[in-house]
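Residues per chain are reported as follows:
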Amino acid sequence: MIQKFENINSIKGELFLRGDKSISHRVVMFAAMADGISVIRNCSSSEDVRSTINCFEKLGCKFEITDDQIKVIGKGFKGFTKPNSELYAGNSGTTARLISGILSAQNFESVITGDESLSQRPMKRIVEPLRLMSADISVNKNGTLPIIIKPSLIKSIIYKLQIASAQVKSAMILCAIHLDEESVFIEETQTRNHTEKLLNLKTEITNEGIKIYVSKNNYPKPFELTIPADISSAAFFTVLGLLTKNSELIIRNVLLNETRTGVINILQQMGGKIEIENEREEKGEKVGGIRVYSSKLKNVSIPKTIIPNIIDEIPILSVAGIFAEGNFRINNAKELRVKESDRIKSLCNNFRKAGLTVDEFDDGFELSGNVSNAETIFESYDDHRIAMAFGVLSMIMKNGGSVNDFECVRISNPQFVEQVNSLCNY
Ligand code: S3P
């Protein structure tokens, strides 16, 4: 489906977004693992989280989904039952990778598959470290799906994480949580820490990095939780508010965990007028309102250490960058090449279409020149964050623009167009 966006003068209003996708995946998994009934409110309505729910239904869990909550009847320690077919993770890397850690500790065989995009994404990054814990896990010769997991006697580990990836870290934690003996994971560059927080893991900052301790003592118990709004979805509206004139927008109850707020910090450094309101802690996570005003931006240098924190927001950050003084440049972001699409390529191709001069590097890109006024049709590359980033750019372009295959936004935010319409004064 091709989605057309008109140029927007200004946005005004208030947004309540659905729960953070990273947290929603984990909360669904932990409720499924717990022995008894858990209640989840404001769960992400994304197709990715639906993929996680589908997999756990196949493993014997029951989900009662209503408009305002999800009731999960969890199976308890090693209580999952052998699925009668493959577990289909759809487009979701988080589903495929995290569930692999859990399944490595079960005493039945399972097979994980996914859609065309997920089937091209690297899985060796979880297979190799899980094998060090004696998991019997394999992938095809290209290092991609399907993942086949057979029962084995897993063992604890002390392991320095080799890639700055919360998915790899979480897969290992979720395997280790099935063992009496403690495992220790050492993380040099911090990545999102929702798994650690939700499971109440002991962590320690040392000279070697952050040490994370996990054993069966941390196995999840039934809980009730309201998930804060998704900061990655909020980033698209934040940039739209900054770039349109006379705009003022408040996004309520957003997750403000420091491993995720890099995008807000960078936009503020760029001169973005963004205020955090009513900041508070809710069940271990920082939450607050993000108030955004139209602003004049300038580009800043983006340090290597912040890349894992902003990895999902680079598409929309680069859209902000093209309207900022100076050139937008990003490096050290090679991971973008193995996301839902090769995001460096997807971004560079679309920015060229918009009339910009693009310098593409192996690990990033630099943008210069001005956006053309010609009405442009962008490609989503079936990647939700590319689709939304160029939806925002289209709304800033003088004659508007369109995005092909826009329906892929269902992967993280099916309500995107509705939410834009609720804020717009054309
Ligand atoms: C995620 C971690 C990140 C991120 C992805 C969600 C998570 O991936 O890009 O969208 O929920 O753990 P990596 O861990 O592969 O960097």
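Note that the coordinates shown come from a computational prediction; the quantities given were computed from them, not determined experimentally.

Peer 1: Any details on the packing of aromatic side chains? Residues and values, ideally.
Peer 2: The final tally for this structure, using the stated rule, is eleven aromatic pairs. Seen from their ring centres, Phe5 and Phe416 are 6.5 Å apart, and the 75° between their planes marks the pair as edge-to-face. With Phe5 in strand 1 (residues 3-5) and Phe416 in helix 13 (residues 416-423), this pair connects stretches of sequence that are 411 residues apart. An identical accessibility class is assigned to Phe5 and Phe416; each is buried. Judged by centre distance (5.9 Å) and plane angle (50°), the rings of Phe406 and Phe416 are tilted. Of the two residues, Phe406 sits in the loop between strand 22 (401-404) and helix 13 while Phe416 sits in helix 13, which places them ten residues apart along the sequence. Here the two residues Phe406 and Phe416 agree in accessibility, since each one is buried. Taken together through their ring pairs, the aromatic side chains of Phe5, Phe236, Phe237, Phe406 and Phe416 make up a single cluster. A cation sits over an aromatic face here: Lys216 above Phe77, 4.4 Å from the ring centre. Its end group placed over the ring of Tyr293, Lys273 keeps NZ or CZ at 4.0 Å from the ring centre.

Peer 1: Could you give an account of the pairing of strand 11 (residues 183-187), with specific residues and numbers?
Peer 2: The side chains of a regular strand alternate between both faces of the sheet. Of all five residues that make up strand 11, five are buried, and the element is covered over most of its length. Neither face of strand 11 is exposed, since Ser183, Phe185 and Glu187 on one face and Val184 and Ile186 on the opposite face are all buried. Pairing of strand 10 (residues 158-160) with strand 11 involves three bridges; the strand directions are parallel. In the strand pairing of strand 11, Lys160 is matched with Ile186. Handedness of the β-α-β unit built from strand 10, helix 5 (residues 166-176) and strand 11 comes out right-handed. In this structure, strand 11 lies alongside strand 13 (residues 209-214), joined through five bridges in antiparallel fashion. Directly across from Val184, in strand 13, lies its bridge partner Tyr213.

Peer 1: Could you give an account of the site of the ligand, with specific residues and numbers?
Peer 2: In the vicinity of the ligand, the contacting residues are Ser22, Arg26, Thr94, Ser165, Ala166, Gln167, Arg192, Ile311, Asp312 and Lys339. Interatomic distance of 2.7 Å between a side-chain N/O atom of Ser22 and an oxygen atom of the ligand. Here an oxygen atom of the ligand sits 2.7 Å away from a polar atom, N or O, in the side chain of Lys339. Considering the ligand on its own, with 380 Å² of exposed area, one finds that the protein chains cover 94% of that surface.

Peer 1: Residue-level account of the domain arrangement of the protein chain, with values.
Peer 2: Here the protein chain is described as being made up of domain 1 (3-18 + 228-425) and domain 2 (21-214). Listed as interface residues are 26 residues of domain 1 and, on the opposing side, 24 residues of domain 2. In this assembly, domain 1 packs against domain 2 so that about 2100 Å² is buried in total across both faces, 44% of it on carbon and sulfur atoms. When residues of domain 1 are sorted by the area they lose upon contact with domain 2, Arg18, Thr259 and Ile411 head the list and together hold 27% of the total. The tally of links between domain 1 and domain 2 comes to four salt bridges. A salt bridge links Glu340 to Arg121; its shortest N-O distance comes to 4.0 Å. Linking domain 1 to domain 2 there are 15 residue pairs in polar contact (both at pLDDT 80 or more). Looking at the side of domain 1 that touches domain 2 residue by residue, the classes come out as nine nonpolar, seven polar and ten charged.

Peer 1: Go over the nonpolar core with me, naming the residues and quoting the values.
Peer 2: It is characteristic of soluble globular proteins that their nonpolar side chains tend to be buried jointly. The biggest cluster of nonpolar side chains holds 138 residues, and the ones touching the most others in it are Phe56, Phe185, Phe351, Leu393 and Phe416. Both domains that meet at this core, namely domain 1 (3-18 + 228-425) and domain 2 (21-214), each give it at least three residues.

Parameters at a glance
- The numbers attached to residues start from 1 for each chain and follow its sequence in the written order.
- Whole-chain, interface and lining totals are the exception, using all residues; otherwise, since this is a predicted model, local features are given only for residues with pLDDT of at least 70 and side-chain atom pairs are given and counted only at 80 or more.
- Note that the side-chain values use all heavy atoms of the structure and ignore hydrogens as well as water.
- For this analysis, a ring pair means two rings from Phe, Tyr or Trp (six-membered ring only for Trp) whose centres lie within 6.5 Å, classed as stacked if their planes differ by under 30 degrees, edge-to-face if by over 60, and tilted for the remaining angles.
- Going along the chain from the N terminus, every DSSP run of H or I of four or more residues is numbered as a helix, and every run of E of two or more is numbered as a strand.
- Note on classification: 1.4 Å probe, protein chains only; a residue is buried when its accessible area is under 20% of the maximum for its type, exposed when over 50%, partly exposed between these limits.
- Only Lys NZ and Arg CZ are tested; either one counts as a charge over a ring when it is within 6 Å of the ring centre and within 35 degrees of the ring normal.
- DSSP calls a pair of strands paired once it identifies at least 2 bridges connecting them.
- Here, the term right-handed applies to a crossover whose path from the first strand over the helix to the second runs clockwise when the strands point away from the viewer.
- Note on terminology: near, applied to a residue and a molecule or strand, indicates that one of the residue's heavy atoms is within 4 Å of it.
- Polar contact is defined as a pair of N or O atoms within 3.5 Å, subject to the rule that within protein one atom must be able to donate a hydrogen and the other to accept it, and that residues adjacent in sequence are counted only when both atoms are side-chain atoms.
- To be clear on the numbers: accessible area is Shrake-Rupley with a 1.4 Å probe, and residue cover counts the displayed protein chains and nothing else.
- Segment limits for the domains were obtained from an automatic or database-derived domain assignment.
- Here, two residues are considered to be in contact whenever any of their heavy atoms come within 4.5 Å of each other.
- Defined in terms of a 1.4 Å probe, buried area is the accessible area two parts forfeit on being brought together, summed over both.
- Each salt bridge in this description consists of a side-chain nitrogen of Lys or Arg and a carboxyl oxygen of Asp or Glu lying within 4 Å of one another.
- Amino acids outside the nonpolar list (Ala, Val, Leu, Ile, Met, Phe, Trp, Tyr, Cys, Pro) and the charged list (Asp, Glu, Lys, Arg) are all regarded as polar, and Gly is one of them.
- Only buried residues count toward a nonpolar core. Its members are Ala, Val, Leu, Ile, Met, Phe, Trp, Tyr and Cys residues joined through side-chain atoms within 4.5 Å.

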